[in-house]
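A structural walkthrough
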Amino acid sequence: MATPIAESVKECGDDNEDAISTTKEKNVQKPLSKVQRPEAPLYGRSFLRELLTETIIGMIFWSVFQELVPSVVLHLIKSGQPEYFAYTAVWFSPVVLLVPGVSVFLQSPTGLLILRLLLVGSLSSLQAPSILLRQGILAVGNSAAVLLLCSTWWHRSCHQRSASFWGTLIGFVSLLTIRIWSLSINPAWASPTGNNVFIALGVLATLDRFSSVVYPLPEFRAHEAFSKDWVLMGCGFGSLLFFTQWLFGDVSVVCRWGIQGYPHPGPYPLPAGIAVFVELMSGILLSTNQKLQTNFLWIWFVGGHMAIGMYYLWGFMSFACALILAPFIMSSWAEIADRVTSCPPVPTMILSMGTYTAAMYFSVATVIPGLPYTFLFNGRAILLLVPLILLIGRSLLRGQYRVPTEPGNTHIAFSNLDGTGCFQMFADAKILTILVLLVGVGGFAKSHLSYDMPRPAPRDPVTFTAALWDAQFMLDNNGMMSQNRVADFLESTEADVIALVQSDSSRLYLGNRDTNLWLGQRLQMFDDHGPASSHHITGVSLLSRYPIIQSEHHVLNSTEGPSVPVLTATLNVSASPLDVVIAHFPRERFAGDRKYHTEFIANFTRRSHNPVLFLASLSSKPGSGDYKRLKTFGKLKDIDSSDEERFTFSVMYKNLIRLGFGRVSQDKLCDNELQLAKFQFTSVKAFKDNDEVISVTEGLDKNAIFPEKFGEYHEGEYTGEGHNYQMGTPRYFVTKQD
């Protein structure tokens, strides 16, 4: 009676054994290393070690590949010059494979060693002494990343192809796991310590792959039916590559995609992100069901309709669509990878990266004024979402999939590598996937259990401090991640209410980092993310020591420039309601739109029956038309009408008593200072505001005094190191004595 192993060999191994014997007889193919593959055994070989090392390399691949655009996007945002996008030209480096001999060399053990070392070494760009050198090193690393993908996925050996594919895919979810433990931050770019750990792991994995046994057989056999469709397959793979990172580069992205205002904002990343993580893992485990992946109903009604539903629905409904979409995307990788690697490598990969670059340009153009055709993309992410999902669907529907159990099959994910069956490597990949899943779930449990629900600090019940700050997407002026420094800075202000502009970094070109989640956890404050990430705008957000009763998110459209995000919220400040308005206005030159925007806000503040606090990046000089509309029609008062040296930020209020105003230098964190304001509640309808300005603290209540950490009163702009008061602040307001 035949054993199961013998049946497996008979089913999937006959063709492989014939290939081995033929190669030995003819001796035409040169071995890929000094070590020849032994005759196919009748027992399974473990692939866990090589999968683990390939996963580490894959994790570094995603880290380097995703960092190129975030490293230059800050300069692109500030200048509005598309020339910075020229760095993405390195993604077209597969063109060098057209040079005779280059492809053969890069597929050799020495060539792969060089590419992997260049990839791992590019992580050191974090510690480069200059911006130019950092971007140059990252560009070299991205070039090596794309060439490595070509050299391994199009390798002659099915063994190398399969190991690299699973390493790339599991490396992606492994990076997600690490980001779960570090609250949406990639440690490789967060600190020198994390950077060095990644480099060390990458070097060890690279040396292990170089010293390991190379199995040249079985050789890959392309599915000729797909070779003629290389244009469609290239576009489909580029779309899948971008779509996966765009929406699932961090588990918090889709949680913020359809977020609403309080009291029913929708899913919070902790713990809702665990559902996204589990669904992505489920998609990997569904990879073997090729009949499902190429089914018309699965593609168009699960993939297509869920993508549209995720965009147009809100709150938990949008999140539910994203959860259904996640396994569709991850399960598509194996089939599309097999199809694209059956096509000629150079033109297919160049077209894939062209599709990826075009999608990235569209994504960036939605928030940056001055780029060509920006007005077509302004806040319309649906114009990017639909073409991507269409190309992915068409790539899956074209032609007939390869059945892994058929004799002679050399599917990139399911090949008979050792004579024991077509799913042996997938079985080990499944073990590694489940281990990654358990580690990720542990990260959610740790973050959720260690997070104490914030409570208002014990302060004077009638006074509070507000801060207005440009988060600059948590990137400093050198384009480096600045979340730890920003958190320390904000914590030192002792602010009770913090308004952040340019805060939505839940996008691929900004690193897919959830700024509000990280700061809310670190500072132990309630947070409101602001307008949903699906709007693709710069974003505004709110951090508060006091509970948020309700809030609304507004996106004010513009005819000439980017849309304006506005957040209106009501806080419960020691049993007293406080209405907070946060906005980020475009540049001064869009005057027609700005009039509409200020009138919208003025209508809200005028009708509010609660005390109002207005914190905005107004980008207008005091006394301009915007100020007049807000003060006249909005019934607002300027925190310090005598200070005419302000252009960007504006602090206004209504039915509050002002106590103090401070301007703190930004150091190197961003281009804009931080502004502080202290206010006092009053229960008297007819009250007199403080009208005398002083700069000394003698005789003032301690709750009315700003922190001493930022120095003392300072005239003019502070140009020294660190954060310090500047521009004739801090100023305090008292009642003028008759």
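Residues numbered from 1 in each chain as written. Predicted model: local features only at pLDDT ≥ 70, side-chain atom pairs only at ≥ 80, totals over all residues. Heavy atoms only, no water.

**Focus: the overall build of the protein**
Note the threshold: Helix and strand labels come from DSSP, where a helix needs a run of H or I of at least four residues and a strand needs a run of E of at least two; each type is numbered from the N terminus. Relative accessibility thresholds used throughout: buried, under 20% of the residue-type maximum; exposed, over 50%; partly exposed, between the two (1.4 Å probe, protein chains only). Note on areas: these come from Shrake-Rupley sampling with a 1.4 Å probe, and a residue is covered only by the protein chains present in the view.
The number of helices and strands found in the protein is 24 helices and 14 strands. Looking at the protein as a whole, 61% of its 738 residues are labelled buried. Entry remark: accessible area of the protein is about 27,900 Å², with carbon and sulfur atoms responsible for 60%.

**Details of the sheet that holds strand β5 (residues 548-556)**
Two strands in a sheet stick together by hydrogen bonds in their backbones, pointing the same way (parallel) or opposite ways (antiparallel). What counts here: Each pair of strands is called paired provided DSSP finds at least two bridges between the two strands. Should any heavy atoms of two residues lie within 4.5 Å, those residues are considered in contact. Only the contacting stretch of a helix is used when fitting its axis, a line to C-alpha atoms as for every element, and angles between N-to-C directions run 0 to 180 degrees.
The six strands lie next to each other as β5-β6-β7-β8-β10-β9, forming an open sheet whose pairing is mixed. Whereas interior strands pair on both sides, the edge strands pair on one side only; in this sheet they are β5 and β9 (637-638). Here strand β6 (residues 564-573) runs beside strand β7 (residues 576-584); their pairing, made up of eight bridges, is antiparallel. Looking across to β7, one finds that N572 is bridged to P577. Along the sheet, helix α24 (residues 625-632) contacts β8 (612-617), β9 and β10 (649-654); its crossing angle with β10, the most-contacted strand, is approximately 15 degrees.

**Topic: a nonpolar patch on the surface**
Convention followed: Like-charged residues within 9 Å of one another, or nonpolar side chains (Val, Leu, Ile, Met, Phe, Trp, Tyr) within 5 Å, are grouped into patches, provided each residue has over 30% relative accessible area and no salt bridge. Take a side-chain nitrogen of Lys or Arg and a carboxyl oxygen of Asp or Glu: if they are within 4 Å of each other, that pair is a salt bridge.
Residues L48, I431, I434, L435 and L438 make up a contiguous nonpolar surface patch of about 430 Å² in total accessible area. In terms of residue count, helix α20 (residues 424-450) provides more of the nonpolar patch than any other element does, four residues in total. Relative to the helices and strands, I431 resides in helix α20.

**Structural notes on the packing of helix α5 (residues 109-121) against helix α9 (residues 192-211)**
Operational definition: For this classification, under 35 degrees means roughly parallel, over 145 means roughly antiparallel, 65 to 115 means roughly perpendicular, and everything else is oblique. Residue classes follow a fixed rule: Ala, Val, Leu, Ile, Met, Phe, Trp, Tyr, Cys and Pro count as nonpolar, while Asp, Glu, Lys and Arg count as charged, and any other residue, Gly among them, counts as polar.
Put simply, α5 and α9 touch, their axes get as near as 10 Å, and they point 175 degrees apart. Here α5 lies roughly antiparallel to α9, going by the angle between them. Across the interface between the two elements, P109, T110, L113, R116, L117 and V120 of α5 pack against I199, G202, V203, T206, R209 and F210 of α9. In terms of residue class, the contact of α5 with α9 is made up of seven nonpolar, three polar and two charged.

**As for the environment of L74**
Mapping L74 onto the fold places it in helix α3 (residues 48-79). Between the C-alpha atoms of L74 and L510, which are 436 residues apart in sequence, the distance is 8.6 Å. When near neighbours in sequence (up to four residues on either side) are disregarded, L74 contacts Q472, L475, D476, N477 and G479.

**Comments concerning the confidence of the model for the protein**
Stated formally: Confidence of the predictor at the level of single residues is captured by pLDDT, which takes values from 0 to 100.
When pLDDT is averaged along the protein, the result is 85, and 87% of the positions lie at 70 or above. The model gives residues 1-44 a pLDDT under 50, and that stretch makes 63 contacts with residues more than four places away or in other chains.

**Structural notes on the pairing of strand β14 (residues 731-734)**
Both faces of β14 are covered, namely the face carrying R731 and F733 and the face carrying Y732 and V734. Bridge count between strand β11 (residues 657-664) and β14: two bridges; the pairing is antiparallel. The residue of β14 that forms the bridge with F661 is R731. Alignment of strand β13 (residues 692-694) against β14, held across three bridges, turns out to be antiparallel. Along β14, the bridge assignment pairs I694 with Y732.

**Overview of the pattern of salt bridges**
Across all of its chains, the model carries 21 salt bridges by this definition. Among the ionic pairs, R629 bridges to D626, the shortest N-O distance being 2.8 Å. Of this pair, R629 and D626 are both found in helix α24, three residues apart, which corresponds to roughly one turn of the helix. Each member of the pair, R629 as well as D626, is classed as buried.

**What to know about the environment of P94**
Here P94 lies in the loop between α3 and α4 (102-107). With 251 residues separating them along the chain, P94 and P345 place their C-alpha atoms 8.2 Å apart.

**Focus: the environment of V555**
Here V555 lies in strand β5. Between the C-alpha atoms of V555 and H597, which are 42 residues apart in sequence, the distance is 9.8 Å. Beyond its immediate sequence surroundings of up to four residues, V555 is in contact with P531, H535, I537, S563 and V564.

**A word on the pairing of strand β4 (residues 540-544)**
Most of β4 sits out of view: five of its five residues are buried. Strand direction decides the pairing type here: strand β2 (residues 497-501) and β4, joined by five bridges, are antiparallel. Its bridge partner lying in β4, I498 is registered against L543. Direction of pairing for strand β3 (residues 526-528) relative to β4: antiparallel, over a ladder of three bridges. Of the residues in β4, the one forming a bridge with D528 is L542.

**Here's the deal with the packing of aromatic side chains**
Inclusion rule: By convention, a stacked pair of Phe, Tyr or Trp rings (six-membered ring in the case of Trp) has centres within 6.5 Å and planes under 30 degrees apart, an edge-to-face pair has planes over 60 apart, and any other such pair is tilted. The rule is short: NZ of Lys or CZ of Arg within 6 Å of the ring centre and within 35 degrees of the ring normal puts a charge over the ring.
This structure, assessed with the given rule, holds 31 aromatic pairs. Where F65 meets W91, the ring centres are 5.3 Å apart and the plane angle is 45 degrees; that geometry is what we call tilted. Placement of the pair is F65 in helix α3 and W91 in the loop between α3 and α4, with a sequence separation of 26 residues. The same class applies to F65 as to W91, namely buried. In this arrangement the basic side chain of R658 is found over the ring face of F733, its NZ or CZ atom lying 4.0 Å from the centre.

**Notes on the nonpolar core**
Our working definition: Among the buried residues, those of types Ala, Val, Leu, Ile, Met, Phe, Trp, Tyr and Cys that are joined through side-chain atoms within 4.5 Å form a nonpolar core.
W166, F243 and L325 are the most contacted members of the largest nonpolar core, which totals 159 residues. F464, V501, Y546 and L578 belong to the second largest nonpolar core, which has 30 residues in total.

**As for the sheet that holds strand β12 (residues 674-680)**
What the eight strands build is an open sheet, ordered β3-β4-β2-β1-β12-β11-β14-β13; its pairing is mixed. Two strands close off the open sheet at either side, each with one partner strand: β3 and β13. The average undirected angle you get between the axes of adjacent strands in this sheet is 15 degrees. Helix-sheet contacts for helix α22 (residues 515-523) involve β2, β3 and β4, and the interaxial angle to β4 is about 10 degrees.

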